[in-house]
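Here is what each chain is made of, one letter per residue.
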Amino acid sequence: MNGRRLFGDFKVVVLSYRRNPVALFFSLFFPIILIVLFGYILGGSGSVTTPLAVENLDHNSPASQAFLSALNNTTLVQITMVNYPPSEFASQLGDNGYTSGLIIPDGFQANYTNSTPVNVELFTNPQDASGAGISEEAVQGVVTAFNLHAACPTCSPIIGITPKNVGSQVYKEIDYLIPGLIGFTILTSPMFSMVDIAASYRKDGIFRELSLTPLTKAEWLTSRIVWYVLLTFLSAAIMIGAGVALFNAHVELNAGLLPFLVAGPFLFVSIGMLAGTVARTPESAAIIGNIITFPMMFLSGTFFAVSLFPPWLQSVAKILPLYYVIDGMNQVMLFANTTRALTDLAVVMIIAVVFFLLAIRFFTWRDE
Amino acid sequence: MGQAIEVHGLVKQYPGLTAVDHIDFQVASGSVFAFLGPNGAGKTTTTEILEGLRNRTEGDVRVLDLDPWKEGRRLHRKIGVIPQDFRFFEKINPREAIEYYAALFGTDPDPMELLGRVALEDKADSHYDTLSGGQKQKLGLALALTNNPEICFLDEPTTGLDPHARRAIWAVIRRLRSEGRTVFLTTHYLEEAELLADHTAIINHGKIIAAGTPGEIIRRLGRPERLVIEAPPSLGTYLQDQAGIPAEIHDGKVEVPLRAKGDALRVLNAVASSGIPWEGFTTAQDTLEDVFVRLVGQMDDGALKSEAAP
Ligand SMILES: Nc1ncnc2c1ncn2[C@@H]1O[C@H](COP(=O)(O)OP(=O)(O)O)[C@@H](O)[C@H]1O
Ligand SMILES: [Mg+2]
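Not measured: the values here are computed from a predicted model.

Novice: Explain the coordination of the magnesium ion (ligand 2) here, please?
Specialist: For a metal with four donors in a tetrahedral arrangement, the ideal angle between donors is 109.5 degrees, while six donors in an octahedron ideally sit at 90 or 180 degrees. Listed as protein donors to the magnesium ion (ligand 2) are Thr44 of chain B (OG1) and Gln84 of chain B (OE1); their distances from the metal cover 1.9 to 2.2 Å. Residue Thr44 of chain B is found in helix α1 (residues 43-51), and its partner Gln84 of chain B is found in the loop between β5 (79-82) and α3 (94-105); the two are separated by 40 residues along the sequence.

Novice: What am I meant to see in the site of ligand 1 here?
Specialist: Residues and elements named next belong to chain B. Close to ligand 1 lie Tyr14, Leu17, Ala19, Pro38, Asn39, Gly40, Ala41, Gly42, Lys43, Thr44, Thr45 and Arg54, which account for all nearby residues. Here a nitrogen atom of ligand 1 and a side-chain polar atom of Tyr14 are 3.4 Å apart. One nitrogen or oxygen atom from the main chain of Gly40 is found 2.7 Å from an oxygen atom belonging to ligand 1. The set of elements that each furnish at least two residues to the shell around ligand 1 consists of β2 (17-28) and α1. In terms of residue count, the dominant contributor to the shell around ligand 1 is α1 (three residues). When its residues are assigned to classes, the shell around ligand 1 shows five nonpolar, five polar and two charged.

Novice: Quick question: what am I supposed to make of the domain arrangement of chain B here?
Specialist: Accessible area lost when the parts come together is the quantity often used to give the size of an interface. For chain B, the domain assignment lists domain 1 (3-220) and domain 2 (223-284). Computed over C-alpha atoms, the centres of domain 1 of chain B and domain 2 of chain B are 45 Å apart.

Novice: Which parts of the structure should I look at to understand empty space enclosed by the protein?
Specialist: Tallying each qualifying case throughout the model produces two cavities of 30 Å³ or more. Here the largest cavity defines a volume of roughly 130 Å³. Around the largest cavity, the lining is made up of 14 residues, and of these Glu209 and Leu212 of chain A together with Val81, Tyr101 and Ala144 of chain B lie nearest the centre. Elements with a minimum of two residues in the lining of the largest cavity: β5, α3 and α5 (133-144) of chain B. Residue classes in the lining of the largest cavity are distributed as eight nonpolar, five polar and one charged. A volume near 50 Å³ is recorded for the second largest cavity. Lining the second largest cavity are Ser27, Thr185, Ile186, Ser189, Tyr228, Leu231, Thr232 and Ser235 of chain A. Top element by residues in the lining of the second largest cavity is helix α9 (residues 217-247) of chain A. It accounts for four residues.

Novice: I'm lost on the confidence of the model for chain B in this one. Help?
Specialist: Caution applies to low-pLDDT regions: their predicted coordinates should not be interpreted in detail. Residue and element names in this part refer to chain B. Per-residue pLDDT for chain B averages 88, and the proportion of residues at 70 or more is 95%. Predicted confidence for residues 302-310 stays below pLDDT 50, and this span has zero contacts to residues more than four positions away or in other chains. Scoring of the predicted complex yields 0.77 for pTM and 0.80 for ipTM.

Novice: Teacher, can you tell me more about helix α6 (residues 163-178) of chain B here?
Specialist: The periodicity of an α-helix, 3.6 residues per turn, causes residues three or four places apart in sequence to face the same way. Residue and element names in this part refer to chain B. Compared with an ideal rise of 1.5 Å per residue, which puts 16 residues at 22 Å, α6 spans 23 Å between its outermost C-alpha atoms and is within 8% of the ideal. Looking only at α6, the buried set comprises Ala165, Arg166, Ile169, Trp170, Val172, Ile173 and Leu176. In an axial view of α6, the angular spread of the buried residues amounts to 160 degrees, which keeps them on one side of the axis. Those residues of α6 that are exposed and angled more than 90 degrees off the buried face are Pro163, His164 and Ser178. The inward-facing, buried residues of α6 abut β3 (32-36), α4 (111-117), α5, β6 (151-155), β7 (182-187) and α7 (190-196). Two or three places before His164, at the opening of α6, Asp162 has a side-chain oxygen 2.9 Å from that residue's backbone nitrogen. Once α6 finishes, Gly180 follows within two positions and takes phi at roughly 90 degrees, a positive value.

Novice: Please explain the pattern of salt bridges as it appears in this structure.
Specialist: Two side chains of opposite charge can pair, provided their charged atoms sit close to one another. Residue and element names in this part refer to chain B. With the rule as written, the count across this model stands at 23 salt bridges over all chains. We note a salt bridge from Arg95 to Asp125, for which the minimum N-O separation is 3.1 Å. Taken together, the residues span a long stretch of sequence, with Arg95 in helix α3 and Asp125 in the loop between α4 and α5 at a distance of 30 residues. Under the relative-accessibility criterion, Arg95 is labelled partly exposed at 27%. The salt bridge involving Glu179 is made with Arg181; its shortest N-O contact spans 3.0 Å. Exposure remark for Glu179: the relative accessible area of 32% places this residue in the partly exposed category. Using a relative accessible area of 9% as the deciding quantity, one classes Arg181 as buried. Overlapping salt bridges, with partners in common, bring together Arg117, Arg175, Glu179 and Arg181 in one network.

Novice: What am I meant to see in the pairing of strand β8 (residues 199-204) of chain B here?
Specialist: Strand residues, when the strand is regular, have side chains that alternate between the two faces of the sheet. All names here are of chain B. In terms of burial, β8 is largely enclosed, as five of its six residues are buried. Here β3 pairs with β8 via four bridges, running parallel. Looking at the pairing, Phe33 lines up with His199 of β8. Pairing between β8 and strand β9 (residues 207-212): five bridges, direction antiparallel. Residue pairing across strands places Asn204 opposite Lys207, the latter belonging to β9. What sits between β8 and β9 in their antiparallel hairpin is a turn of two residues, with His205 showing a positive phi close to 50 degrees.

Novice: I keep staring at the environment of Lys164 of chain A and nothing clicks. Help me out?
Specialist: Residue and element names in this part refer to chain A. The topology assignment puts Lys164 in strand β5 (residues 159-165). In this structure Lys164 comes out as partly exposed when scored by relative accessible area, which is 35%. For Lys164 and Leu215, which are 51 residues apart along the polypeptide, the C-alpha to C-alpha distance reads 66 Å. Every residue in contact with Lys164, bar those within four places of it in the chain, is listed here: Glu121, Leu122, Phe123 and Thr124.

Novice: Can you walk me through the sheet that holds β5 of chain A in this structure?
Specialist: Picture the strands of a sheet paired through backbone hydrogen bonds; they go either parallel or antiparallel. Residues and elements named next belong to chain A. In space, the five strands of this open sheet follow the order β2-β1-β3-β4-β5, with mixed pairing throughout. The strands lining the two open edges of the sheet, one partner per strand, are β2 (77-81) and β5. Between one strand and the next, the sheet's axes are offset by a mean angle of 25 degrees, whatever the strand orientation. Direction of pairing for strand β4 (residues 118-124) relative to β5: parallel, over a ladder of seven bridges. Paired with Thr124 across the strands is Asn165, a residue of β5.

Novice: Got a minute to help me understand the nonpolar core in this structure?
Specialist: The nonpolar side chains of a soluble globular protein tend to be buried with one another. Counting residues in each nonpolar core, the largest one holds 133 residues, and the members touching the most others are Ile182, Leu210, Trp220, Phe268 and Met329 of chain A together with Phe88 of chain B. With 15 residues, the top contributor of residues to this core is helix α7 (residues 173-204) of chain A.

Novice: Help me understand the pairing of β2 of chain B in this model?
Specialist: Residue and element names in this part refer to chain B. Where strand β1 (residues 3-14) meets β2, eight bridges bridge the pair, whose relative direction is antiparallel. Paired with Tyr14 across the two strands is Leu17, which belongs to β2. Hairpin connection from β1 to β2: two residues lie between these consecutive antiparallel strands, with Gly16 at a positive phi of about 75 degrees.

Here is what the cut-offs are and how they apply
Residues numbered from 1 in each chain as written. Chains lettered and ligands numbered in written order. Predicted model: local features only at pLDDT ≥ 70, side-chain atom pairs only at ≥ 80, totals over all residues. Heavy atoms only, no water. Donors = N, O, S within 2.8 Å, 3.2 Å for Na, K, Ca; no water. Helix = DSSP H or I, 4+ residues; strand = E, 2+ residues; numbered from the N terminus. Near = heavy atom within 4 Å. Polar contact = N/O pair within 3.5 Å; in protein donor to acceptor, adjacent residues only side chain to side chain. Nonpolar A, V, L, I, M, F, W, Y, C, P; charged D, E, K, R; others polar. Domains from an automatic or database assignment. 1 Å grid on protein atoms, 1.4 Å probe; cavity = no way out; pocket = protein on both sides within 12 Å on 5 of 7 lines; lining within 4 Å. Points joined across faces, edges and corners; volume = space filled by probe spheres on them. pLDDT = per-residue confidence, 0-100. Contact = heavy atoms within 4.5 Å. Expected span 1.5 Å × (residues − 1). Buried < 20%, exposed > 50% of the residue type's maximum accessible area, 1.4 Å probe, protein only. Arc of directions from axis to C-beta. Salt bridge = Lys/Arg side-chain N within 4 Å of Asp/Glu carboxyl O. Pairing = 2+ DSSP bridges. Axes fitted to C-alpha atoms, helices over the stretch in contact; angles between N-to-C directions. Core = buried A, V, L, I, M, F, W, Y, C linked by side-chain atoms within 4.5 Å.

Written out as C-alpha cells, the structure reads:
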C-alpha cells in the first residue's frame, strides 16, 4: 500500500461521487426518506391496545376468569397469559419485551367471595407513559366494577391494585428501525454501485488503463472501502439524528457502533466487487447483485425484527452476513449487550476479510 | 542509438485466427515508428503485446530490454500508452486526471504545463464526459506523458478526428520525438505515416508486407517517377512503336516511366516529332498511399480469388 496512490485514487472516488447526483441522493437523502416514511407508518399504527402479560396464580378460578374476560372486554389491553416464576416476573417481562404485566394472586376467588381485601399486582414501566396509563386505566376500571358489583357502596373495596415497576427499557419500533435502516444503507449503497463499477469499468477499458499504472488492486479496493465507511458514518449520523429529532427514538450512542460502521462497508464493498468481477457484463452484474442483495434487504432485520420471523426464516436470516451487522448494531445501540455484539463483529470481520481476499484474488485488471 | 523495441518471429493466435503471423521489426530509440495497416490487420494486437497487455503465442519481444509480459510492472513505469478507445472517469476533469496519474506514478508534473503541451489548457476544468473526441484523445496523450515515458504507444490516435484535431496530435508527436522519446504509432492514414514516421511497417492480415522509411518503401515498391502527358492514346502507341519508349495509358493519359535524368527530354522530343496534338504534361510519383493501396489491394484480390476458386 502506497499512501500517495491510495489518496490519489480516493480523491477520484470522492470527486466522481460528489458529482453524481443520483448516487448522492441514494446515500444521503434516501436514508432520511426511509426514516421518515417508516417512522410515520409505525407511529401511525400507534398502540391503541397495550400488550399486557397476565399471570393467573388463582388456578383459573371462575372469579379470576371473569375478571380477565372483563379486562379483555375493555379492548384497551391485549392479554397474553404467561407462566413466569413469580419472583422473576418483573425481569421476565422486560426480557420478553412487555412493559405491562398483571398478577392475579392465589386465593383471589376465595377472598373475593369472603369480601376479604385482596390485591392484584400491576407492573408498568414509567418510561412507557402511554402504555402504563392505558393498562392502569383498564385494570382500574375492571377492579372498580368488581368492587361495585360485590358489595354495598359503603363497604371498603375488596380488590385493590398493588402498583409495581418494570425496570426494563422501553423500546419503540423506531428504536429497532434505526439500526435496521443503517444496515440497509450499509448493504445497498456499496453493493449497487460496486457491482456496476466493477463490470462497467471493465467494459470501458478503464481497468486496462489502470493496469498500466502502479496502482494495485488492494489499493483500488481500499480507497473504495474508505469512502463507503465515511459515507456510512455520514448516513448513520443523519438517520440517528432524524430518528431522534422526529420520533424521539432511543439510541444508545457509544463507540461500539463504530466498528460495525467500518466492518459493514468493508464487507459489502468486497462482496460487490467480487460479484461485479465474476459477472462478465454490466447487465449480468446487475442481476447477480440483485440476487445477493434482495434477500438481505428484507430478511436481515432491516425493516422487520428477525425475532418476529417463523423459526425456519430465522435460520435463513442467520446465514445472511447483514444479519450480523444489524444484530450487532442492535446489541450496541439498544441492549448494550457487549458480548453478543463482539461475537457479531467477529463474524462480520471474518466474512469481510474472506470476501476482500476473494475479490482481490479473482479481480483482474484485464482479461488476458 | 540502440533499439527501443525488438520483435522477432512474433505470432499471436486467437482461437481460429492468426492475428499476427511471424513478424519482425525494430524501432530505434528516439525515432517515430508507424505501424500502418487497414482495420483488422493486427495493429492493436501487436501494440498490446508490446505494452505487456497481452501475452504472445510465439516469438521474442523486447521493449526497453524488458520482456513486456513478464516484466510488465517495470516496463509500465517507463512507457506511456493511449489505447485505441481511450476512456476515463466521466466526472473527472483533465487537471484532476493528470494529478491522479501523477499520484499513481509518484511523479510531479505541472498539470497546466502538460495540458499546454497537448493544447488542452482551455479544457482543464471540463469533465471528461463533456470533451470532444479530439480533446479526449489529447487528454489520453497528456496522461501518457505524466510518467515522463521513454516510449509512447499511440494506437490510432487520430482515427475519427477532424483535420484540425489531427494536426494538433501530429504536433504533439513531433514534439515527443524532438524530446528524444520513441514513438510507436499505429494508423491507417498513409499521410500520417509519411509525415511523421522515420520508419514505417505496413501490416496486412497479420503479416508485414513492406518496411523501411516511407521513401524507401516508395522507391522499392512504388512505380518510378513518370511523365504524364495529356494526349490521345495514339500518342502512346506512337511512342511505343516508333520511338521505342515504353508508354502506358492510365486514366485517359499517356504515362512514361522516367528512369534517368535525360529521359524526360528524350520523351518530349519524341512527342514533338510525332505531330500528335497534346495539351500539357506533369510528372508524378507514387505516394505511400499508392503503394499501400496497391499492396493491400493485390493481397485482398488474391484472397478473393482463392476464396472464389472451386
Ligand atoms: N480478443 C480477441 N479475440 C479474438 N480475436 C481477436 C481479438 N482481438 C482482435 N481479434 C481479431 O484479430 C484481428 C486483428 O485485430 P486487431 O489487432 O485489433 O487489428 P487492428 O488493430 O489492426 O484493427 C482481427 O481479425 C480481430 O477481429
Ligand atoms: Mg486497432
